[in-house]
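What follows is the residue order along each chain.
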Amino acid sequence: MEKEKILVGGCMQEIQVTRMGDILIIGSTPQLIVNLKNQKNYIEYDSKKIPYQREIIFGEDLLEGRRKNVFQTAIRYYYGQACKFVEGLQIAETYRSKVNTTIREIR
């Protein structure tokens, strides 16, 4: 597979989609790693692997290039959801670090 130009947030962006056997790698930072066989998916960002407890299903017809617009829509949706998930994690990590700093200063 190659880079797919997909409309994200009102502008065309390239989201790289790579298939290696039963593994589908979507995006560059963060990367959504989809195991097509056993559905154990995860997100990789900042050298971390975060389990992604969401079922992601692609039919063989989509993976073989048929119905390209449906494939692009699915990629855009799944990758967009993964990016929002990572954004939420980053906000939580930032908040946690601020809270930990505040507690240390009070003591």
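None of the values given here were measured: they were computed from a predicted structure.

1. Details of the pattern of salt bridges
- In total, this model carries 1 salt bridge according to the counting rule given.
- Where Lys-48 meets Glu-93, a salt bridge forms, and the shortest distance between an N and an O atom there is 3.0 Å. Taken as a pair, Lys-48 in strand β6 (residues 48-52) and Glu-93 in helix α2 (residues 68-106) lie far apart in primary sequence, 45 residues in all.
- Judged by relative accessible area, which is 32%, Lys-48 ranks as partly exposed.

2. Looking at the nonpolar core
- Leu-24, Ile-26, Leu-32 and Phe-58 are the most contacted members of the largest nonpolar core, which has 21 residues in total.
- Listed by contribution, the elements that provide at least two residues to this core are β2 (11-20), β3 (23-26), β4 (31-35), β5 (41-45), α1 (60-63) and α2.
- At 7 residues, the largest contribution of residues to this core is made by α2.
- Those residues within four positions of Ile-26 in sequence are excluded, and the remaining contacts are Ile-15, Gln-16, Gln-31, Leu-32, Val-34, Ile-75 and Tyr-79.

3. Describing the packing of aromatic side chains
- Counting across every chain of the model gives 2 aromatic pairs.
- With a centroid separation of 5.5 Å and an interplanar angle of 65°, the aromatic rings of Tyr-52 and Phe-85 are classed as edge-to-face. With Tyr-52 in strand β6 and Phe-85 in helix α2, the pair connects residues that are 33 residues apart, well separated along the chain.
- By relative accessible area, Tyr-52 is classed as buried at 6%.
- Between Tyr-77 and Tyr-78, the aromatic rings sit 5.5 Å apart at their centres with planes inclined by 65°, giving edge-to-face as the arrangement.

Scoring rules and cut-offs
Note on numbering: residues in each chain are counted from 1, in written sequence order. Selection of residues for local features in this predicted model requires a pLDDT of at least 70, selection of side-chain atom pairs for listing and counting requires 80 or more, and totals for whole chains, interfaces and linings are taken over all residues. In computing side-chain values, all of the structure's heavy atoms are included and hydrogens and water are not. For this analysis, a salt bridge means a side-chain nitrogen from Lys or Arg found within 4 Å of a carboxyl oxygen belonging to Asp or Glu. In this text, helices come from DSSP runs of H or I with a minimum length of four residues, and strands from runs of E with a minimum of two, each type numbered from the N-terminal end. In this scheme, a residue with accessible area under 20% of its type's maximum is buried, one over 50% is exposed, and one in between is partly exposed, where area comes from a 1.4 Å probe on protein chains only. Among buried residues, the Ala, Val, Leu, Ile, Met, Phe, Trp, Tyr and Cys ones that are joined through side-chain atoms within 4.5 Å form a nonpolar core. Residue contacts are counted whenever heavy atoms from the two residues lie within 4.5 Å of one another. Each aromatic pair joins two rings of Phe, Tyr and Trp (for Trp, the six-membered one) with centres within 6.5 Å, and gets the label stacked for planes under 30 degrees apart, edge-to-face for over 60, and tilted for any other angle.

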